[in-house]
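Chains, contacts and geometry: an overview
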Amino acid sequence: MIGCERASKRHAAGQRTFILVSLASTMAMMLDKSFAGTSVPLISAAAVIAIAIISSNSILYSSKNQIKGLTTSVALWTCGIIGLTIGAGLYTVSVIGYAALMCCLALFPTFEIDLKNRSNHFEVHLELKNREDLQRFITTMRTLGLKIDDIEANPAYINSGLSVYSVSLTVRQKDRAKYSSHQEMIKAINTLDFVYYAEEID
């Protein structure tokens with residue numbers, strides 16, 4: 001079910017990945033339990049390390065300087081731990097862990113989006129028509145009541161003919177009432193004649 005939830009959102013680690021992680025960790029703990037008293041629980045420890053390595057490999061950086069796959073990575077690791085608790089016979093803990101994981105994946109994104117929209121801070125993927133327009137952009141943002149915290153050039157678009165940046169912005173508290181949401185601010189940025197394209201970075 002956890003794998004289905006990830007696959008429905010088009011993440012690389014889907015149903016089969018989560019099933020295999022859970023299965024492997026469950027069997028690892030069962031093997032360690034069968035050797036109880038004769039050795040240190042090396043198999044389950046090795047399983048945790050292996051799952052951590054697999055999880056870290058699912059984290060990627062997109063062309064927009066975004067970290068992708070972080071939630072899926074942590075979900076894989078958590079799923080492995082749930083598998084260990086099943087193998088250890090801790091079924092109540094397993095059910096509680098599973099329910100908590102599903103709530104985090106299925107219910108919290110809506111809550112997170114609401115929190116982000118209420119925040120005075122947001123990050124924008126910005127494509128300018130010319131490099132010389134960056135100063136105009138900075139001046140315009142200040143006029144609109146937005147403070148620029150950081151600007152980072154994106155090297156992935158170096159030969160595209162565009163000047164592409166990741167821009168961190170803060171809405172001044174006194175100007176917060178002007179904008180109902182981040183989408184409204186992005187829409188205002190996209191109306192500027194020297195901006196080719198702008199969107200919020202999740």
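Located above this text is the structure these notes cover.
Let me sum up the structure you'll find in this document. (Residues numbered from 1 in each chain as written. Predicted model: local features only at pLDDT ≥ 70, side-chain atom pairs only at ≥ 80, totals over all residues. Heavy atoms only, no water.)

Looking only at helices and strands, the protein chain has 8 helices and 6 strands in total. Listing each helix as α and each strand as β along the protein chain from the N terminus yields α-α-α-β-β-α-α-α-β-α-β-β-α-β. Considering the protein chain as a whole, with its 202 residues, one finds that 35% of them fall into the buried category. Restricting the contact set of the protein chain to residue pairs at least 6 apart, pairs at least 24 apart contribute 65%. Carbon together with sulfur atoms contributes 63% to the accessible area of the protein chain, which is approximately 12200 Å² in total. (Helix = DSSP H or I, 4+ residues; strand = E, 2+ residues; numbered from the N terminus. Buried < 20%, exposed > 50% of the residue type's maximum accessible area, 1.4 Å probe, protein only. Contact = heavy atoms within 4.5 Å. Areas by Shrake-Rupley, 256 points an atom, 1.4 Å probe, with all protein chains shown as cover.)

Looking now at the packing of helix 4 (residues 70-87) against helix 5 (residues 91-106). The N-to-C vectors of helix 4 and helix 5 enclose an angle of 165°; their axes lie 8 Å apart at closest approach. Relative to helix 5, helix 4 is oriented roughly antiparallel. Crossing angle aside, the handedness with which helix 4 passes helix 5 is left-handed. Every residue of helix 5 that contacts helix 4 at T71, A75, T78, C79, I82, T85 and I86 is listed here: Y91, V93, S94, G97, Y98, L101 and L105. (Axes fitted to C-alpha atoms, helices over the stretch in contact; angles between N-to-C directions. Parallel < 35°, antiparallel > 145°, perpendicular 65-115°, else oblique. Left-handed = near helix turned anticlockwise from the far one by under 90°.)

The buried fraction of strand 3 (residues 121-128) amounts to 6 of the 8 residues, a majority that puts the element mostly inside the structure. Two strands pair when backbone bridges link them, and strand 3 and strand 6 (residues 195-200) are joined in this way by 5 bridges, in the antiparallel orientation. By the bridge assignment, H125 is partnered in strand 6 with E199. (Pairing = 2+ DSSP bridges.)

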